[in-house]
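Each chain is listed here by its residues.
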Amino acid sequence: MPSALPDQLRRIVGAPHVLTGVECSPYVVEGRTPEAVVFPGSQEEVAAAVTLAAEQGLPVTPWGGGTKMWVGAPPSRIGLVLATKRLDRILEHEPGDLTVTVEAGLTFDRLQAELGQRGQWLSLDPPASDRATIGGILASDASGPRRHLYGTARDLVIGLTVIGADGRAVRGGGKVVKNVAGYDLPKLYIGSFGTLGIVVEATFRLRPRADVDRLVVARFDRLADAGQGARAVLGSDLIPSALELADGEALRRLGLGGAAALLLGLDGIAPQVDWQVDELERLLKSRGVVDQRVLDGDAREETWRALGALGRPGADTVAAVMRWALLPMQTAELMEAGAAAARRHGMGAAMTAHAGVGIVTAVLSGSADPGPVSATLEEWRSLVTAARGHAMVSWAPLAVKERVAVWDAPGPTLRLMRSIKERLDPRGILNPGRFVGGI
Amino acid sequence: MPPLTDARKKSLRREMEALLGKGGVLSDPEELMVYESDGLTLFRALADFVVFPRSAGDVAALVKLANREGIPFVARGAGTGLSGGCLPTEGGLVISLMRMNRVLEVDYDNQIAVVEPGLVNLHLSWAVGPQGFYYAPDPSSQQACTIGGNIANNSGGPHTLKYGVTTNHVLGLEVVLPDGELVWLGGRTRDAQGYDLVGLFVGSEGTFGIATKIVVRILKKPQAVKTVLAVFDQVDQASEAVSAIIARGLVPAAMEMIDQLTIEAVEDAFGCGYPRDAAAALLIELDGLAAGMAAQAERVVQACRDCGARDVREARDEAERALLWKGRKSAFGAYGRVSPAYMVMDGVIPRTKLPYVLGRVNAIAAAHGLRVGNVFHAGDGNLHPNILYDPRKPGEEARVVAAGGEILKVCAEVGGSISGEHGIGLEKADYMPFIFSEADLACMQRVKDAFNPAGLCNPGKIFPTNKACVEVGPAYRPHPIEEKGLAQRF
């Protein structure tokens, strides 16, 4: 009996923590309005709400900070939005163990601020970190430039608790930094976009904060030269924490100017950072560098933040955003080819890359007409596929998503993925339709 | 499954010989005995066949044959595992990957290598070493263990403190699934779309299929390395120094602890320069940029001194460094000097619990009338208590097993894990409920069923089950590769 749902939810979480009707409008997902939004205050309440939805065959869409709800294919069905923002506690932080256990609704910046007071940090730098929650970051496997040295969520999560489709809590991993007991379930849930379970708690390994942290911007006249610069850095003794490649349009939006640049994160103790700044200058001198400058403090933070924000919708000019996975040495060439393709369709493009790991963020701008936008995205996908890489539409308006697949055509492993999904969520209630292959 | 009849065995042997050649199939009981256990010789089980494929196509054909016949199969590398993970618990087929041992491709610009599963771990670092690269995960059996085995166990090693374990270094896997289909999970690029099947496969202890090609990251060798030996009169001081170093914001590449009993054994066997009268020693390695290295080493030395170290010194040169590491990596073999047999345990605890847990470990061993030597990855909190015993004494082996279970229970109680790197295999399957709920295990079982619905791929491992099919005991015997001096227990 659908009409009884709000009352049943109110009995679980208390009346103030359920939204219905027009109150649900801030929680519309890709044009679809949920029947209710529920804000559980404990893992038990999450479990009870999911159990209730499961009994009624009602889809459940998890919602953290709402910063990435436009990622993925539009949901095939929507019923209950389960918002985690009341699950926002740090449960355990033992500095001597370099581990922290938190609830999923905690925002990333709040966690980082708390850890910072004890001289530690979670070595992840996802975009929109002021609003993004731990659960959402894990579900979408969000990361940033520092993945170059410190890896992504899959390298940092040591334990995870989810509420499964049957309402039962499942824990994988543990609270220690090294652990091979049982299957590595956290890997399965990270990046699964809530299609297998709702993350309610996570334990991370931490790092001590560096004494010194600098951002070096080395500008070039040509993107190809900057690409060769990245190659030289990768082959050198330098150990940057981030190695970003940016084209002229991206630099213009960042307020840095120039035709192309490398942005390096260098952190550690002072002698390490100083030596690397000098060595970088020596290394790039013969490789067409125009200038090199060092940013610190607010300028550094603002540049990193703006770089992360480039790939997010919001600015009127952003028409679509794509994310490419390539070999590191392919990035500069594909960025140039991609920008040229956009121009042929009368569009503009701004491109940045995590140059050491081969991940490109390609931002399409100009006309909102779905025709040229779709045509450009398709051409980008062809370019990337021909290079044996992968492309996903990380953001596009619904009219474009109707024409262009969000995900690449899945290969033979789709059978395995479906098999996992069917066994963990047999009724298909967890965030249905958004993931690869319609999962 | 009923045992295969002799006639059936003969015809299967002929069929597999047609595929692999005459030397590619073993079925004589004497030859099979070499494969009846892994590095944990407490458990033994005989296969009907051991086969040696040369290609992914061979592996797929063998797996399809096993499915057709309904016989269980298990992949095996060098057999250095320490949890009985590659034992054929119900007869059937052991698929040895030792003939698939090539480095297929190295791409230095993109810092990846493509290798076959039977490649010995250290041989990869040798292959890429001349270009200034290495493969980071370094289990102490790395002279013998294979990359494929490392994938199955998600193996670690001393330097995983800084560089992570196997799963942090694997990008893609070509896999023969349990039904014989050949697929790629992940690849050469990052962030494969869909569920992280590579992450799931690594550490699945051979129950999700057989990897036939592996794409790994290779790393640039660090510009500089510094190795420090800190000597303590009390074990607690050494434990506290581990926490103090971490608390001062240092991330050493490795931080290993060796206790007095182990030091004596090592010095008797190899003479590596550890002081015999020390209660414990810490072997601490820093690596990275040369700039600032001296300052970091000074911070480490000071932290050790502040915790009461009676002597702290840096290895003067590469020769001394190599000797100290030899002592550490050969410690297990050296126990032969002080005991006829030992059982190596593998548990993990939060590092701040080291003093408490080491005390409990000693108390448990003493209560069972046993001695224990500790040599382990202190920086990770990954304990290796080695329980010494004499298998000729009636009942002693049973006491060892009981003490081992109690030690793991303590690890679980303080929020730790029952395995840091050796895996669950057969040995610890019944201990899984120490740290996982019935719902956790049910979820893992469902994931297993997704990969391995027929249950023929390495049955009887990881999940609590009876061990009736496996012979336990009667006595410790050195593994053949140990006898040849190729590997040490870790």
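Here the structure is a predicted model, which is why all the values come from computation and not from measurement. (Residues numbered from 1 in each chain as written. Chains lettered and ligands numbered in written order. Predicted model: local features only at pLDDT ≥ 70, side-chain atom pairs only at ≥ 80, totals over all residues.)

## Digging into the overall build of chain B
Line of reasoning, step 1. Secondary structure summary: chain B contains 16 helices and 22 strands in total.
Line of reasoning, step 2. Over its C-alpha atoms chain B spans a radius of gyration of 22 Å, differing by no more than 12% from the 23 Å that the globule rule assigns to 490 residues.
Line of reasoning, step 3. Residue burial in chain B is summarised as follows: out of 490 residues, 59% are buried.
Line of reasoning, step 4. Long-range pairs, those at least 24 residues apart, make up 73% of the contacts in chain B with a sequence separation of at least 6. (Helix = DSSP H or I, 4+ residues; strand = E, 2+ residues; numbered from the N terminus. Rg over C-alpha atoms; globule rule 2.2 N^0.38 Å. Buried ≥ 20, exposed ≤ 12 C-beta atoms within 10 Å, placed from the backbone. Contact = placed C-beta atoms within 7 Å.)

## Focus on the domain arrangement of chain A
Residue and element names in this part refer to chain A.
Line of reasoning, step 1. In terms of domains, chain A is made up of domain 1 (1-209), domain 2 (212-309) and domain 3 (318-401).
Line of reasoning, step 2. Between the C-alpha centres of domain 1 and domain 3 there is a distance of 29 Å.
Line of reasoning, step 3. Tallying the contact residues gives nine residues for domain 1 and seven residues for domain 3.
Line of reasoning, step 4. A per-class count over the side of domain 1 that touches domain 3 returns five nonpolar, two polar and two charged. (Domains from an automatic or database assignment. Nonpolar A, V, L, I, M, F, W, Y, C, P; charged D, E, K, R; others polar.)

## Considerations on the domain arrangement of chain B
Accessible area lost on assembly of the parts is the figure often given for the size of an interface.
Residue and element names in this part refer to chain B.
Line of reasoning, step 1. According to the domain assignment, chain B consists of domain 1 (6-97 + 467-483), domain 2 (103-220) and domain 3 (224-334).
Line of reasoning, step 2. Taking only C-alpha atoms, the centre of domain 2 and the centre of domain 3 are 29 Å apart.
Line of reasoning, step 3. The interface is formed by five residues belonging to domain 2 together with seven residues belonging to domain 3.

## A look at the interface of chain A and chain B
Line of reasoning, step 1. At the junction of the two partners, chain A supplies 66 residues and chain B supplies 70 residues.
Line of reasoning, step 2. When residues of the side of chain A that touches chain B are traced back to their parent elements, those giving at least two are α6 (153-156), β9 (169-173), α7 (185-189), β11 (207-208), α8 (223-234), α10 (270-285), β19 (390-395) and α15 (414-424) of chain A.
Line of reasoning, step 3. Sorting elements by how many residues they give to the side of chain A that touches chain B places α15 of chain A first, with six residues.
Line of reasoning, step 4. A breakdown of the residues in the side of chain A that touches chain B according to their chemical character gives 34 nonpolar, 17 polar and 15 charged.

## A closer look at the environment of Ile269 of chain A
Line of reasoning, step 1. Mapped onto the fold, Ile269 of chain A is located in the loop between β14 (260-268) and α10.
Line of reasoning, step 2. Taking the C-alpha atoms as reference, Ile269 of chain A lies 34 Å from Met335 of chain A; in sequence the two are 66 residues apart.
Line of reasoning, step 3. Contact partners of Ile269 of chain A, with chain neighbours within four places excluded, come to Asp211 and Val212 of chain A together with Gly292, Ala295 and Gln296 of chain B.

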